[in-house]
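Topology and contacts: notes
Listed here are the chains, written in short residue letters.
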Amino acid sequence: MNREGGFSARASLRVLLLLALYLVGARAQDMPAEYQAVLKELGRTGDFKDGVLKVNVPRNDLSVRVGGTSLPTPFGFGGWVAMAHGKGGNDVMMGDLVLQQEEVNPVMSALLNHGLEVTALHNHFFWEDPRLFFMHIHGRGKPLDLAQRLKPALDLIGKVGQDSGQNKSSSGARSAEQKSALDTAKIASIVGHQGEQLGSVYKITIGRDDIGLNEMGAKINARMGLNTWAAFTGANDKASVAGDVAMLEREVTSVLKALRTNGLDVVAIHHHMIGISPQVIFLHYWGRGPADKLAAGFKAALNELGKGSATK
């Protein structure tokens, strides 16, 4: 009986192992072949989730300081490009590229010369070194064709003016990414949303599906850039926060008041997309102080989103 039980246990274990291998293989195959071709063409990493391919374009080559504080790449220096299927077999592509000031116009020309659009150009920070700008891009077409049109611009990032040897990664920048001392459970409790740990950065991202944006049959969701987020780093008593708030026009003033009342600095107000309805306004904010106070300030801004009446 024990022998039979042993055979049964081993058989069950083999079945479980085979099932696990099958599930791992199934997950690995979730990304459509055409999107695998996009990643190969661009020579970049990415993932496929919620119907969206997200391609990573981080600025790991830079050592960024804001107000004299060294900050890790996930804090707000990771660019991205996203694609989603639309009607007629074409994709909608959107993205946000992180550029040094000398890279802006060469990258813009490369995009425009290959039939892609630039829909916004702006800052996310004050007092940063090196000076950074964020370029929002847009395109429509077959996924591989979009990748081929995008590649010349991406290939310029980190190459323009590199002979100067300035503002490159250093051991100090790497150590900043490795250290984390935040009570993330407390931050999540205050904000009311869970986040993800990215090195030393705790980032909370909240979609605005209530706005209901679509383009050419493609849903413009959080992974396509329609989101509000906050990135926290540092220690509980001395933290930094930066982020972006996606707002309808009627929400702008009340969100600004909430941020300023809670001591958070607003550093930019702008759009990311053109030709959309309703129009969505984005603002970037920044702050330093105890992590719980920063989280409370972000929560206050969140409380102003989705209200049905215009601000008085």
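Residues numbered from 1 in each chain as written. Predicted model: local features only at pLDDT ≥ 70, side-chain atom pairs only at ≥ 80, totals over all residues. Heavy atoms only, no water.

1. Quick word on the pattern of salt bridges
Here the idea is simple: oppositely charged side chains can pair when their charged atoms come close. Counted under the stated rule, the structure contains twelve salt bridges. Put simply, E103 and R59 hold a salt bridge, and the shortest N to O gap is 2.8 Å. Of this pair, E103 sits in the loop between β6 (91-100) and α3 (104-113) while R59 sits in the loop between β2 (52-58) and β3 (64-66); the two residues are 44 residues apart in sequence, bridging distant segments of the chain. Of the residues examined, E103 reaches a relative accessible area of 0% and is grouped as buried. Its salt-bridge partner being D145, residue R149 comes within 2.9 Å of it at the nearest N-O pair. Of the two residues, R149 and D145 are both situated in helix α4 (residues 143-154); the distance of four residues between them amounts to about one turn of the helix. Salt bridges sharing partners connect three or more residues here, namely R59, D61 and E103. (Salt bridge = Lys/Arg side-chain N within 4 Å of Asp/Glu carboxyl O. Helix = DSSP H or I, 4+ residues; strand = E, 2+ residues; numbered from the N terminus. Buried < 20%, exposed > 50% of the residue type's maximum accessible area, 1.4 Å probe, protein only.)

2. Brief notes about the pairing of strand β14 (residues 227-234)
Within β14, seven of the eight residues are buried, which leaves it mostly tucked inside the rest of the structure. As defined by bridge partners, strand β11 (residues 201-207) adjoins β14 across six bridges and the pair is classed as antiparallel. Each residue of the ladder has a partner; that of I206, found in β14, is T228. (Pairing = 2+ DSSP bridges.)

3. Focus: the side chain of H138
Within the element layout of this structure, H138 appears in strand β9 (residues 132-141). One polar contact links H138 to E117, side chain to side chain, over a distance of 2.7 Å. Of note is the side chain of H138, whose polar atom sits 2.6 Å from the side chain of E215. Those residues within four positions of H138 in sequence are excluded, and the remaining contacts are V92, M93, M94, L116, E117, T119 and E215. (Polar contact = N/O pair within 3.5 Å; in protein donor to acceptor, adjacent residues only side chain to side chain. Contact = heavy atoms within 4.5 Å.)

4. Section: the sheet that holds β14
By way of backbone hydrogen bonds, the strands of a sheet pair with one another, either parallel or antiparallel. Judged by pairing direction, the sheet is antiparallel, and its six strands sit side by side in the order β10-β11-β14-β15-β17-β16 without closing on themselves. The sheet is open, and its two edges are formed by β10 (196-198) and β16 (265-270), each paired on a single side. Looking at each pair of strands side by side, their axes are set apart by 20° on average, direction ignored. Pairing between β10 and β11: three bridges, direction antiparallel. By the bridge assignment for β11, L198 is matched with V201. Strands in contact with helix α6 (residues 184-191) are β10, β11 and β14; relative to β11, the strand with the most contacts, it is inclined by about 20°. Along the sheet face, helix α8 (residues 291-302) touches β11, β14, β15 (239-248) and β17 (280-289) and points at about 175° away from the line of β14. (Axes fitted to C-alpha atoms, helices over the stretch in contact; angles between N-to-C directions.)

5. Concerning unusual backbone geometry
The omega torsion of the bond from D129 to P130 falls at 5°, within 30 degrees of zero and hence cis. Looking at the element boundaries, P130 is found in the loop between β8 (128-129) and β9. Going from S277 to P278, the amide bond is cis rather than trans, its omega being 0°. Structurally, P278 is set in the loop between β16 and β17. Not every positive phi belongs to a glycine, and D50 is a case in point at roughly 55°. By secondary structure assignment, the location of D50 is in the loop between β1 (46-49) and β2.

6. A look at α8
Relative to the 16 Å expected for twelve residues at 1.5 Å per residue, α8 spans 17 Å between its end C-alpha atoms, a close match to the ideal helical length. Every buried residue of α8 is accounted for by A291, L294, A295, G297, F298, A300, A301 and L302. The elements touched by buried residues of α8 are α6, β11, β14, β15, α7 (252-261) and β17. (Expected span 1.5 Å × (residues − 1).)

7. Some thoughts on the pairing of β2
Residues in a regular strand point their side chains to alternate faces of the sheet. Within β2, five of the seven residues are buried, leaving the element largely enclosed by the surrounding structure. With four bridges connecting them, β1 and β2 associate as antiparallel partners. Within β2, the position partnered with K49 by the bridge is V52. Bridging between β2 and strand β5 (residues 78-85) involves seven bridges; their strand directions are antiparallel. Following the sheet pairing, P58 is matched in β5 by G78.

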